[in-house]
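Here's the letter readout for the chains.
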Amino acid sequence: MTMPFGWVTPLSGIVFGILFGYVLQRGGLGNGCRLTAQLRLKDWTVFNVMFTAIIVAAAGLYVLQFAGFVQWSDLYVPTTYLWATLLGGAFVGAGMGVGGYCPGTSVVGAAAGRLDGIVFFAGLVLGVVLFAGLFTGLEPLLNAAPGPQAQTLGDLLHIPNGLVLVLLIAVASIVGWLSRRVKTSNSISCAD
Amino acid sequence: MTSRPIWSAHVAGFALGLVLLATFLATGHGLGASGTPTAIAAAASSAIAPAATAGNGYLGPMTAGGSDPLNTWIVWEVIGMGIGALLAAWWSGRMRLRVEGPPQMKTTGRLVLALVGGILSGFGARVSAGCTSGLGLSGGAVLATAGFVFLIGFFVTGILVGFATRRLWQ
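Everything in this summary refers to the structure shown in the same document. Note that the coordinates shown come from a computational prediction; the quantities given were computed from them, not determined experimentally.

**What about the pattern of salt bridges?**
Residue and element names in this part refer to chain A. The final tally for this structure, using the stated rule, is two salt bridges over all chains. Two residues, Asp43 and Arg34, come together in a salt bridge whose shortest N-O distance is 3.7 Å. Under the relative-accessibility criterion, Arg34 is labelled buried at 2%.

Below, the structure written as structure tokens:
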């Protein structure tokens, strides 16, 4: 059995998209008030959902690799361009602080009837146009300080990826334990 | 209004991790989002100003040779995302037309903030070539350095902005 299966069709996009949107909505991540509350450290849903998901997916891939079903080199591993990756993350973080969402969660929020989610999504399109207008001037910055192609944290730290996984589980467990009193409230208000 | 409770963060995270794992095993890559506003920008720009779009270093290659940026996997995925979120919101009794944002602000102010936030986010996701889903979550799942560098920039700046604007939300 060779994985990945190479099922990259419109139907595959719709199927995995439906699952993605369903889970984010049921996890309460289409709520801009909850997302910004994470940034004020009043709600820990975003961090706990993201890190649990990363660990479950990474552990699954790691076990399947160990069993010989999948190879890391067949998976898409993005390459770091230190300044662009860090600065882009900073802009997306600022965008969430100001506008309440990130690109994916704005779709989820909009689908539940939030007009601010629709407007945020329209802003994303304008942001891309702005980027395209400035592209030539930005190019040196975008390509600056490239890391090795498809580098993993294990490559960076010269430790096995299994140990990286253990460290991530430790960090997620500590944060999960520290934030245990801050329960994910079922109907968070923007004033919380 | 009665609504079904949302999942606990660890249950939602576990479910999201399984969806992400299945996506990697089927396609070889993870889940994303910001590629779709990018595709919409390329298609719209090409329809409004074809010559300027073709000459643009970023949008030009996406529309070159009559290729349709809207018929790409990420666009189908985001359409699915909208459908899945709509089904979940309807099923859990959380479908309601509203404008959310800082409680003290009027509707117009909230929408202006959403637009400005969207512009920052759309611009930023092109600088880093990925957003919280495509780079943070999916990059994190393959233990990519890039995913964690992105998440550091994202959370540090987000928290700084969150604290700087916290009075607005009281």
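**Observations concerning the packing of helix α3 (residues 45-66) of chain A against helix α1 (residues 9-27) of chain B**
In contact at an axis separation of 7 Å, α3 of chain A and α1 of chain B are set at 40° when each is read in the N-to-C sense. Taken together, α3 of chain A and α1 of chain B sit at an angle that is classed as oblique. Considering only the axes of α3 of chain A and α1 of chain B, their crossing is right-handed. Taken together, the residues of α1 of chain B that come into contact with α3 of chain A (itself represented by Thr45, Asn48, Val49, Thr52, Ala53, Val56, Ala57, Gly60, Leu61 and Leu64 of chain A) are Ala9, His10, Ala12, Gly13, Phe14, Leu16, Gly17, Leu18, Leu20, Leu21, Phe24 and Leu25 of chain B. Here the residues of the contact of α3 of chain A with α1 of chain B sort into 15 nonpolar, seven polar and no charged.

**Overview of the interface of chain A and chain B**
Residue-level contacts link 115 residues of chain A with 110 residues of chain B. In total, about 10000 Å² of surface goes out of reach between chain A and chain B, with carbon and sulfur atoms giving 78% of it. Here Glu100 of chain B and Arg114 of chain A are joined by a salt bridge, their closest N and O atoms 2.6 Å apart. Here chain A and chain B share 26 residue pairs in polar contact (both at pLDDT 80 or more) between them. For the side of chain A that touches chain B, the secondary structure elements donating two or more residues are α1 (10-26), α2 (32-39), α3, α4 (82-99), α5 (103-111), α6 (115-142), α7 (153-157) and α8 (161-178) of chain A.

About the thresholds
- Residues numbered from 1 in each chain as written.
- Chains lettered and ligands numbered in written order.
- Predicted model: local features only at pLDDT ≥ 70, side-chain atom pairs only at ≥ 80, totals over all residues.
- Heavy atoms only, no water.
- Salt bridge = Lys/Arg side-chain N within 4 Å of Asp/Glu carboxyl O.
- Buried < 20%, exposed > 50% of the residue type's maximum accessible area, 1.4 Å probe, protein only.
- Axes fitted to C-alpha atoms, helices over the stretch in contact; angles between N-to-C directions.
- Helix = DSSP H or I, 4+ residues; strand = E, 2+ residues; numbered from the N terminus.
- Parallel < 35°, antiparallel > 145°, perpendicular 65-115°, else oblique.
- Left-handed = near helix turned anticlockwise from the far one by under 90°.
- Contact = heavy atoms within 4.5 Å.
- Nonpolar A, V, L, I, M, F, W, Y, C, P; charged D, E, K, R; others polar.
- Buried area = accessible area lost by both parts, 1.4 Å probe.
- Polar contact = N/O pair within 3.5 Å; in protein donor to acceptor, adjacent residues only side chain to side chain.

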